Amino acid sequence: MADKGEGVYIPHDHIRENSHVSSIEQYQKMYKESVENPEAFWGKIAQDFYWKSQCSGKFWEYNYDVRQGEIFIKWMAGATTNVCYNCLDHNIEKGLGDSVAFYWEGNYPGDASQITYSELLKEVCKCANVLINKGVKKGDRVAIYMPMIVELVVAMLACARIGAVHSIVFGGFSADSLAGRILDSKSSVLITADGVYRGEKLLNLKDISDTAIQECLDAGFTVNSCIVVRHLGEKREPGAGGDMEHHPPKRPCIKLQTNWHNDRDCWWHDLMADASDQFEPVWLDAEDPLFMLYTSGSTGKPKGVLHTQAGYMLYAATTTKYVFDYKPGEIYWCTADIGWITGHSYITYGPMLNGATSVIFEGMPLWPDAGRMWEIVDKYKVSKFYTAPTAIRTLMKFGEDYVKKHSRKSLKVLGTVGEPINPEAWLWYYNVIGDKRCSIVDTYWQTETGGHVLTPLPGATPAKPGSATLPFFGQVPAVVNENGEELDGPCEGYLVLKQPWPGQMRTVYGDHQRFERTYFQKFPGYYCTGDGCTRDKDGYYWITGRTDDMMNVSGHLLSTAEVESALIEHSAVAEAAVVSYPHSIKGECVYCFVTLKEGKLFNDALVGELKGKVRQKIGPIAVPEYIQNAPGLPKTRSGKIMRRVLRKIARNQKDLGDVSTMADSSVVEVLFQNRPKDVQGWVE
């Protein structure tokens, strides 16, 4: 991308010439077909995959209007397939058996391995046989609680092969969170690992799993089998099971103690050693469930987002191909954890359905130093790189030296995911990481959408730093007001989607009414994303944050993201989070939490400068009433700021609700102590 002026960056010639979509005109032609004739558009894409039986009914049908009856979305009626078969067998049939499916990079530099498509197929078939022998059958749910290791991919693909529904729980969640998800999904089999290092911190996953299993038992539900990968290991303990002499741990850890329950626990390697490496896939209906993944709900109880076979497969594959402009032979790296939807769609399913070679990274971006990511990029010659704005802003704190000591010449496309990226971070990503020669794709989507909704395409779309840009193929976005009326031209309001796409969630597991209530009741006839946005004169969409992150100050609708972006432009600020606060005259006012860069001091002078920066960038109406020093911010383990918690802190409300997804709860008490002394009371 090259700077065209007025904040617009156009694709470089060297990227555009070889891209799948090489001009805005080509994008517009493909997009038009995708929304006007979905059957023709997605039908052509479906020809690239294996189907045991073809679509024999309606290619797609749906109801988005709760007033017209039950909400439903269906794609490719009558078709049968198997997603695992398309990820593995189909690629091997195309000659990719000896191609590397994954390079695994461990927490410790130098701890690495790789696995080809053929090798992975054998491991998946073994695991499929293990699960069958444990009584798992089509439609059963299997809980997976593992670190970022290849066995995690093996387990999820084995579930897909036999038609079981995997429910992956991020390997940093607490025992309570794990138990809640096991109970809701009724998963009688849990696959976990003994432990994992994150940087220098040791997590005993088996101990956490044991606690969760006991909580399930106390609630009246029994986990029958717990399969344990020995990832770290220990000397053999009495009754621990497993042939430790012939199956030594990969990275011995004398600190780790693995408790054992002989009637329930099994070592992964023992079960796999006796299993056949042949397993014929179970052929599944297009709308059979593939996986469920829990995401936070406004009520505090996580909801199980359910995705199905054919539609998700088509959408994950297609977004990977076009958004990252992926081509055979390139090395792709998404830094997310597979415990999140980004890892499902853009580490496992999307890349593998394209026959890609990917990197799986177990470690942390700042350990052992802030150059770890770029060291890995150079090691594997990564060309397509996908990470979170939070990671980019964190790395910005450490300056350019850690970046520039590494080549990064292999990079071509740089993606962002998880939250809107502020323009300053976008430009740093483009100028410093990408050396002004890489395309930036800032992707907007959700767990519920299964894949990208709004995004640039590397060879086609002029980009504007901070904008989610234009709709991906099949997406029909609209902006509505509080009455559900569509707005034309440049506008601001609620982002909704007018018709379904193949990768859309089908229901909330076990609670279809919640599905309808959450996504379709507010604006009948539309899928409600829950996000606010603006649309500019060029038709570009700018995500302003969750609709409950909007502030109405003296009758003016302000975006928290807009104020945060202004604050972050100050040289002393590393990160900022903004919430609304009740005001007796204005209705609401602006309350800011700011995290400073190392060595910077929080004082009255800085507060004045920050208020001046907001006044300069937005106007007097947006000037913060309160600015609080925040050495750390409450975040989920995927890096998202928990603004719901910040609103409670601003109001001095100690009942924070469900905080099971918070990565570091110790920051909360510090933030309560740091509340400005002049805050006028609190909300009861």
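Residues numbered from 1 in each chain as written. Predicted model: local features only at pLDDT ≥ 70, side-chain atom pairs only at ≥ 80, totals over all residues. Heavy atoms only, no water.

Trainee: Go over the overall build of the protein, please, and point to the residues and values.
Mentor: Along the backbone of the protein there are 21 helices and 32 strands. Here the protein has a C-alpha radius of gyration of 25 Å; the compact-globule value for 684 residues is 26 Å, and the two agree. In terms of overall dimensions, the protein has a C-alpha envelope of 70 × 55 × 55 Å along the principal axes. Taking all 684 residues of the protein together, the buried fraction comes to 61%. Approximately 26,200 Å² of the protein is accessible, and the part contributed by carbon and sulfur atoms is 48%. Across the protein, the 73 positively charged side chains and the 83 negatively charged ones have centroids separated by 2 Å. (Helix = DSSP H or I, 4+ residues; strand = E, 2+ residues; numbered from the N terminus. Rg over C-alpha atoms; globule rule 2.2 N^0.38 Å. Buried < 20%, exposed > 50% of the residue type's maximum accessible area, 1.4 Å probe, protein only. Areas by Shrake-Rupley, 256 points an atom, 1.4 Å probe, with all protein chains shown as cover. Lys, Arg positive; Asp, Glu negative; His and termini not counted. Charge placed at Lys NZ, Arg CZ, Asp CG, Glu CD.)

Trainee: Explain the pattern of salt bridges to me, using residue names and the numbers behind them.
Mentor: Per the stated rule, a full pass over the model turns up 29 salt bridges. Here D13 ties to R16 by a salt bridge, and the two come within 2.2 Å at their closest N and O atoms. Taken together, the residues span about one helical turn, with D13 and R16 both in helix α1 (residues 13–16) at a distance of three residues. Residues participating in the shared-partner salt-bridge network are K206, D210, R264 and D265. (Salt bridge = Lys/Arg side-chain N within 4 Å of Asp/Glu carboxyl O.)

Trainee: Let's hear about the sheet that holds strand β17 (residues 303–308): which residues, and what values?
Mentor: Reading across from one edge, β14-β13-β10-β8-β9-β16-β17-β25 is the order of the eight strands in this open sheet, with mixed pairing throughout. The outermost strands of the open sheet, each flanked by one partner alone, are β14 (265–267) and β25 (507–508). (Pairing = 2+ DSSP bridges.)

Trainee: Which residues make up the side chain of D194, and what are the values?
Mentor: As for its position among the elements, D194 is in the loop between β10 (189–193) and β11 (196–198). At 3.1 Å, the side chain of D194 and the backbone nitrogen of L232 are in polar contact. Those residues within four positions of D194 in sequence are excluded, and the remaining contacts are L203, N204, L205, K206, V228, V229, R230, H231, L232, G233, L256 and T258. (Polar contact = N/O pair within 3.5 Å; in protein donor to acceptor, adjacent residues only side chain to side chain. Contact = heavy atoms within 4.5 Å.)

Trainee: Talk me through the packing of helix α11 (residues 309–323) against helix α12 (residues 341–353); I want residue IDs and the actual numbers.
Mentor: Contact geometry of α11 with α12 gives a least axis separation of 8 Å together with a crossing angle of 90°. Judged on the interaxial angle alone, α12 and α11 are roughly perpendicular. Counting all contacts with α11, which are made through Y312, M313, A316, A317, T319 and T320, the residues of α12 involved are H344, S345, Y346, Y349, G350, P351 and L353. (Axes fitted to C-alpha atoms, helices over the stretch in contact; angles between N-to-C directions. Parallel < 35°, antiparallel > 145°, perpendicular 65-115°, else oblique.)

Trainee: With reference to specific residues and values, describe empty space enclosed by the protein.
Mentor: For the structure shown, the criterion picks out four cavities of 30 Å³ or more. Space inside the largest cavity adds up to approximately 50 Å³. Taken together, R393, M396, K397, E424, I568, V573, A574 and K597 make up the full set of residues lining the largest cavity. Elements with a contribution of two residues or more to the lining of the largest cavity: α14 (389–396) and β30 (573–583). Its residues assigned to classes, the lining of the largest cavity comprises four nonpolar, no polar and four charged. (1 Å grid on protein atoms, 1.4 Å probe; cavity = no way out; pocket = protein on both sides within 12 Å on 5 of 7 lines; lining within 4 Å. Points joined across faces, edges and corners; volume = space filled by probe spheres on them. Nonpolar A, V, L, I, M, F, W, Y, C, P; charged D, E, K, R; others polar.)

Trainee: Mind laying out the sheet that holds strand β32 (residues 626–629), listing which residues take part and the relevant values?
Mentor: Ordered in space as β30-β31-β32, the three strands form an open sheet in which the pairing is mixed. Strands with a single pairing partner mark the edges of an open sheet, and in this sheet they are β30 and β32. The average angle at which neighbouring strand axes cross in this sheet is 25°, direction not considered. Examined bridge by bridge, β30 and strand β31 (residues 587–596) share ten bridges and lie antiparallel to one another. When the sheet's bridge partners are listed, S580 is paired in β31 with V590. In the packing of helix α19 (residues 604–617) onto the sheet, contacts are made with β30, β31 and β32, and the angle to β32 comes to roughly 130°.

Trainee: Explain the environment of F398 to me, and be specific about the residues and the numbers.
Mentor: Inspection of the secondary structure puts F398 in the loop between α14 and α15 (401–404). With 39 residues separating them along the chain, F398 and V359 place their C-alpha atoms 24 Å apart.

Trainee: Outline the packing of helix α2 (residues 24–36) against helix α3 (residues 38–46), listing residues and values.
Mentor: α3 packs onto α2 with a crossing angle of 110° between their chain directions and a minimal axis gap of 5 Å. Judged on the interaxial angle alone, α3 and α2 are roughly perpendicular. Contact residues: α2 offers M30, E33, S34, V35 and E36, while α3 offers P38, A40, F41 and K44.

Trainee: Now, about unusual backbone geometry: what can you tell me, with residues and values included?
Mentor: Residues W367 and P368 are joined by a peptide bond in cis, for which omega reads 0°. Looking at the element boundaries, P368 is found in the loop between β19 (357–361) and α13 (372–380). Within the chain, M76 stands out as a residue other than glycine whose phi angle is a positive 60°. Residue placement: M76 occurs in the loop between β4 (72–75) and β5 (80–81).

Trainee: Can you explain the UniProt feature "domain: AMP-binding enzyme C-terminal" (unreviewed entry) in the protein? Please cite residues and give values.
Mentor: With numbering aligned to this structure, UniProt lists the feature "domain: AMP-binding enzyme C-terminal" (unreviewed entry) at residues 562–640. The distance separating the terminal C-alpha atoms of residues 562–640 is 17 Å; by composition the span is 27% helix and 32% strand. (UniProt positions renumbered as here; feature names shortened; annotations may be inferred.)

Trainee: Please provide a residue-by-residue account of helix α8 (residues 175–185), values included.
Mentor: All buried positions along α8 are accounted for by A175, S177, L178, A179, R181, I182 and S185. Among the structural elements, β8 (141–145), β9 (165–168), β10, α9 (205–218) and β16 (289–295) are those in contact with the buried residues of α8. K186 sits one or two positions beyond α8 and adopts a positive phi of about 55°.

Trainee: Outline the confidence of the model for the protein, listing residues and values.
Mentor: Per-residue confidence for the protein gives a mean pLDDT of 91; residues scoring 70 or more make up 93%. Low confidence marks residues 235–247, where pLDDT is under 50. Its contacts with residues over four positions away, or in another chain, come to 21 contacts. (pLDDT = per-residue confidence, 0-100.)

Trainee: If you had to explain the pairing of β19 to someone new, which residues and values would you point to?
Mentor: The buried count for β19 comes to five of five residues, which makes it a mostly enclosed element. Burial along β19 is two-sided: the residues T357, V359 and F361 and S358 and I360 are all buried. Here strand β18 (residues 331–334) pairs with β19 via three bridges, running parallel. Looking across to β19, one finds that W333 is bridged to V359. Taken together, β18, α12 and β19 constitute a β-α-β crossover, and its handedness is right-handed. (Right-handed = clockwise from strand over helix to strand, strands pointing away.)

Trainee: Summarise the packing of aromatic side chains; cite the residues concerned and give the values.
Mentor: Any aromatic ring pair is given by two values, namely how distant the centres are and how the planes are angled relative to each other. Overall, the coordinates contain 48 aromatic pairs when judged by the stated rule. Centroid distance Y346 to W445: 5.1 Å. Interplanar angle 85°. Geometry classified as edge-to-face. Here the residue Y346 occupies a position in helix α12, and W445 occupies one in the loop between β22 (439–442) and β23 (477–480), the gap between them amounting to 99 residues. On the accessibility criterion, W445 (10% relative accessible area) is buried. Ring-pair connections join several aromatic residues into one group, and the members of that group are F59, W60, Y62, Y64, W75, W501, F515, Y519, F520 and Y527. Stacked on the ring of W267, the Lys or Arg R230 has its end atom at 4.9 Å from the ring centre. (Phe/Tyr/Trp six-rings, centres within 6.5 Å; stacked < 30°, edge-to-face > 60°. Lys NZ or Arg CZ within 6 Å of the ring centre and 35° of its normal.)

Trainee: Any chance you could break down the pairing of β18 for me, citing the residues and the numbers?
Mentor: The side chains of a regular strand alternate, first on one face of the sheet and then on the other. Judged by which residues are buried, β18 turns out to be covered on both faces: I331 and W333 on one side and Y332 and C334 on the other are all buried. Pairing of β18 with strand β20 (residues 382–387), which is carried by four bridges, proceeds in the parallel orientation. Looking across to β20, one finds that Y332 is bridged to K384.

Trainee: Kindly report on the side chain of N481, identifying the contributing residues and their values.
Mentor: Relative to the helices and strands, N481 resides in the loop between β23 and β24 (491–497). Here the side chain of N481 touches N483 through a polar contact of 2.9 Å, landing on its backbone nitrogen. Among the polar contacts made by the side chain of N481, one reaches the side chain of E485 at a distance of 2.8 Å. Once residues lying within four places of it in the same chain are set aside, the contact partners of N481 are L487, Y494 and F523.

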